[in-house]
Amino acid sequence: MYGLTITQLHDMLKNKEIDIKTYYEQLFSDTNEVQQRLNAFVTITKEEALAKLDHFQFDENNWLSGIPFVAKDNYSTKGIKTTASSRMLEHYVPIYNAHVIDKLAKKDCIMIGKSSMDELAMGGTNKSALTGPVGNPYDATRIAGGSSGGSAAIVGSGLVPFALGSDTGDSIRKPAGYCGVIGFKPTWGRISRYGVIPYASSLDHVGAFTRSVEDMAIVIEAMSGRDERDMTSSNRPVEAYYDHLTSDIQDKKIAVIQNIYDQISNSEIKENFDHIIDLYKKMGCTVDFVEYDETLLKAMLPTYTIIANSEATSNHACLDGVKYGTRVDAATPDEVMIASRTNGFGAHIKRRFILGNLALATQNQEKMFRKAQRVRRLIVEELNKIYENYDVILGPTAGHVAAKIEEEETDRLTDEYLILENHLVLGNFAGTPSLTLPCGFVDEMPIGINIMGKLFEEQTVLNAAYALEKELGLKNKYAKGEA
Amino acid sequence: MNFEVIIGLEVHCELTTQSKMFSASPVTFGQAPNTKVNEVDLGMTGTMPVLNKTGVEYAVRVCHALNMEIDELLRFDRKNYYYSDLPKGFQITQDRFPIGRNGTMEIEVDGKKKTIEIERLHMEEDTAKQLHFDDHTLIDYNRSGIPLIEIVTKPNIRSGKEAAAYLEKLRSIFLYTKVSDAKMEEGSMRCDVNVSIRPFGSDKFGTRTEIKNLNSISNVQKAIEFEVSRQEKILLQGGKVLQETRRYDEGLKETVLMRSKGDAVDYKYYPEPNILPIRLDHQWVLDIKEALPEMPEERIKRYVEKYQLPKNDAKILVATKEISDYYDEAIRYTKEYKLVCNWLLGETMAYLNKSNTTIEAIKMIPKCLAEMVNCVVDETISSKQAKKVFDLMMETGKDPETIIEENHMKQISSVDEIRKIVCDVLDKNPQSIEDYKNGKDRAVGFLVGQIMKVTGGQANPGITNKVLIEELKSR
């Protein structure tokens, strides 16, 4: 039963074309298949899911009634192991649910498992997961991307209609592009972050993966809204995204940032991108190329690195082995903390913590952390200049298709890397809604396009994606793999 | 050589709000360990802080009471350090922008007034409580997240006595503003002391030591006095005071070394990303000032000016807020301000001491005390009877009228009625009249005794005496 979208599965349940228990039995058998092929799950929650089915009643007025999903393993789930793919949390069982998990449970969604991720959401390859790398559904020898690699791969395999992710730099949108699925992170504050193991609070966004824009509208609508436990969550009423979906986007103004476009070296990706520009023009949109201060573009990665790691080092200071998590016993409480943290984190995590501490140290803070915050503001102000005249900004999700798992990391100092591979972080700096849509294939691997809108204009972004999805004919593509 | 003493105080005060500073779990004291905690207090990863509005209100109250400038743009910072009682690995506090700045408090020491300058007041959260045993440590998270305010003076306190006077008054402000029970012995009010000395005339500060773990105001004073003499000895012997943290050992009556400051921690303060700056409503801040309860000094002034109490009595009443509140309630029912004060500071205090209880726990309500005083003044009962009524009120909680009634204590003050009784008694005791005429004054005492016997002691003694003499003379 691969490849069912929310709306399809809903209709089948509604029309009694399928019995929900039979469906879930098949689903869990498929889950094992996917797990064997992609290694994308940390935990499969079959027992809990089937227990829910015992007193399940289908509600035909609720799109999400009985719909299965997967949560990234940094969403706290009461009574269910939540590891964030870190040794430190290998056996950690939270005593509470993330707000979004509660919301989806109230909607009668059924969680079937927790997905693999880069350790503590720090990374872009999913290679740092405690349970090992995750395979790309289109080619299991390639990466799924990260940090929400497990969720992206699972949705890309066609197993479940949607999965939850989190995005601090591009951790939903990059893997979505690599795995050929839709990845969306709405405005910072639109969805509560309560209970999602943080990376960097001021940049962290929660969001989801789906295979159709309709599904995305349904899921995001269900996740959104004020949460009294997250002071940064917005009081704005949640819009009816699904009801307001329209492919009529005539007269919308689209900007393409010239400096980013210029860095596309892969001719097929460039060709594909030009084609999309033409499609939007055909739909009645204006598409203009705009300049963005190049110095600021090159400053994105260092700015991000400093802010993200500074916040991360204190966000993860709670992981000390004292109250929960993997404890290494020692003679004194201080030594317990040191031993537990030494044992609990991977080398790359420790490197980031050291960097964050360096940037926050009193003697450095002004010239590193505070300066990065000021540069962040400049980057956002430059972005806002574009939004004065345009509704959305269009860009490629990545410069290349998913790399081979064995491949070494790219040179981080090239302009292509600094600008093209990292520009999605603009949406994290500014907190703006940003969506990646599958837009074609290069070397039989999927590529994605990114649409970024203004704060709280989720609907505009969804509609732009909805219109393009229709033109491209790539709705609900998935890669089941060889049986 | 003479030295000038430089003291700065840092006071932490736990606020008695319903819930914690950044979480919804309740603020409690003395509950079973780890029963009043939620995932936020435990520092569970993924949790987020939600600011307690009442906590802010309490901080604003104290800011007003200390005449501080209030920063209406609330900002919070993270203070980062690892310690096993700090569940998040950081404490949410206000580093760069404390809610209150530049306060003042007037104190009086040995009849001399002095203004203590207060540098800042900020809001933060308490840590968990550690219980150390020989081979293990237990942690109670009930305290984790309880709202705290920290108040830091400028280094312009000059003696242990001044420090004690400041703390006494600060404590009464906490009580009068109803933000805390401020019990130093239970840790809901805590004080760290910074002490240094320098030769008089010097404009450079000497090396300071910090004294922690002080569990009473008198110990603060003692610790400072010891520490000053310790530092004096070192300097006079040509030594150097080292920057270190010390604690006061009650048994030794000395400060002893806890740790030296060489390995000072860098707290790496930076803005709390999960609480965006909050703009307080200016009117709300003003309303809090408007609604501020009367402060101790105003109360003393009112007692002296409006009720003509001696200043010393007024001070003693106000020193314990509950006693003073009791007094205020009582004088709603009488104009005998001084008498009520006397009964409170005399019999009532004695009763509290003897019974080892508090004014809130006694059975006699303020209204009854006032009514009893009224009965004495209008001569319904004698002062001697009043003592009995007082004891019975404390014992039973009944009102004075009932007690007087039940015990037949109502005085006979009618002259006619007394004259009738006097005449009856005289008629029955002709020998006593004879004795009186012969100059034996003892006879009067005997006759009064007879009258009291007949009336059950209820005859007004003054009137009885007057009428008796009149009747004796006329016979």
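Residues numbered from 1 in each chain as written. Chains lettered and ligands numbered in written order. Predicted model: local features only at pLDDT ≥ 70, side-chain atom pairs only at ≥ 80, totals over all residues.

### Quick look at the overall build of chain A
Our working rule: Runs of H or I in DSSP of at least four residues are treated as helices and runs of E of at least two as strands, each being numbered from the N terminus. As defined in this context, the radius of gyration uses C-alpha atoms, and a globule is described by 2.2 Å times the residue total to the power 0.38. Residues with at least 20 other C-beta atoms within 10 Å of their own are called buried, those with 12 or fewer are called exposed, and the rest are partly exposed. The C-beta atoms themselves are positioned from the backbone.
For chain A, the count of helices and strands is 16 helices and 13 strands. Rg of the C-alpha trace for chain A: 21 Å, near the compact-globule value of 23 Å for 483 residues, within the 12% margin. Seen through its C-alpha atoms, chain A measures out along the principal axes to roughly 70 × 60 × 45 Å. The burial tally for chain A puts 58% of its 483 residues in the buried class.

### Some details on the confidence of the model for chain B
Test applied: Note on scores: pLDDT gives the predictor's confidence for each residue, bounded by 0 and 100.
Counting all residues, the mean pLDDT for chain B is 93, and 99% of those residues have values of 70 or more. What the predictor reports for the complex is a pTM of 0.90 with an ipTM of 0.96.

### Remarks on the sheet that holds strand 5 (residues 90-93) of chain B
Definition in use: One bridge is not enough; two strands pair if DSSP finds at least two bridges between them.
Reading across from one edge, 5-4-15 (chain B) is the order of the 3 strands in this open sheet, with antiparallel pairing throughout. A strand with exactly one partner marks an edge of an open sheet, and here the two such strands are strand 5 and strand 15 (270-271) of chain B.

### As for unusual backbone geometry
Residues and elements named next belong to chain A. Between Gly146 and the following residue, Ser147, the backbone shows a cis peptide bond with an omega angle of 5°. Here Ser147 shows up in the loop between strand 5 (139-143) and helix 5 (149-156). Unusually for a residue other than glycine, Asn39 sits at a positive phi of about 55°. Note that Asn39 resides in the loop between helix 2 (20-38) and strand 1 (41-44). Of note, the phi angle at Asn476 is positive, near 55°, even though the residue is not glycine. Mapped onto the elements of the fold, Asn476 is located in the segment after helix 16 (458-472). Note on Asn476: 20 C-beta atoms within 10 Å, which makes it buried.

### With respect to the environment of Pro433 of chain A
Residues and elements named next belong to chain A. So the rule is basically this: Two residues form a contact once the distance between their C-beta atoms, set from the backbone, is within 7 Å.
As for its position among the elements, Pro433 is in the loop between helix 15 (426-430) and strand 12 (434-442). Taking the C-alpha atoms as reference points, Pro433 and Val238, separated by 195 residues in sequence, lie 14 Å from one another. Setting aside anything within four residues of it in sequence, one finds Pro433 in contact with Pro186, Thr187, Gly453, Glu457, Glu458 and Val461.

### Digging into helix 4 (residues 99-106) of chain A
All names here are of chain A. Of all the residues in helix 4, the buried ones are His99, Val100, Ile101 and Leu104. Turning to helix 4, the residues buried within the fold contact strand 2 (68-72), strand 6 (162-167), strand 8 (205-210) and helix 7 (213-223). Positive phi appears at Asp108, one or two residues downstream of helix 4, with a value of about 65°.

### Digging into the interface of chain B and chain A
What counts is decided by this rule: Under the scheme applied here, ten amino acids are nonpolar (Ala, Val, Leu, Ile, Met, Phe, Trp, Tyr, Cys and Pro), four are charged (Asp, Glu, Lys and Arg), and all others, including Gly, are polar.
If you look at the interface, chain B gives 25 residues, while chain A gives 35 residues. When the residues that make up the side of chain B that touches chain A are grouped by side-chain class, the tally is 12 nonpolar, 8 polar and 5 charged.

### Examining the pairing of strand 9 (residues 137-140) of chain B
Two strands pair when backbone bridges link them, and strand 8 (residues 129-132) of chain B and strand 9 of chain B are joined in this way by 4 bridges, in the antiparallel orientation. Of the residues in strand 9 of chain B, the one forming a bridge with Leu131 of chain B is Leu138 of chain B.

### Details of the pairing of strand 6 (residues 100-109) of chain B
Residue and element names in this part refer to chain B. The pairing of strand 2 (residues 69-70) with strand 6 spans 2 bridges and is classified as antiparallel. Bridge pairing in strand 6 places Glu69 opposite Arg101. Looking at chain direction, strand 6 and strand 7 (residues 112-125) are connected through 9 bridges and run antiparallel. By the bridge assignment for strand 7, Glu106 is matched with Thr115. Counting the residues in the hairpin turn of strand 6 and strand 7 gives 2 residues, including Asp110, whose phi is positive at 50°.

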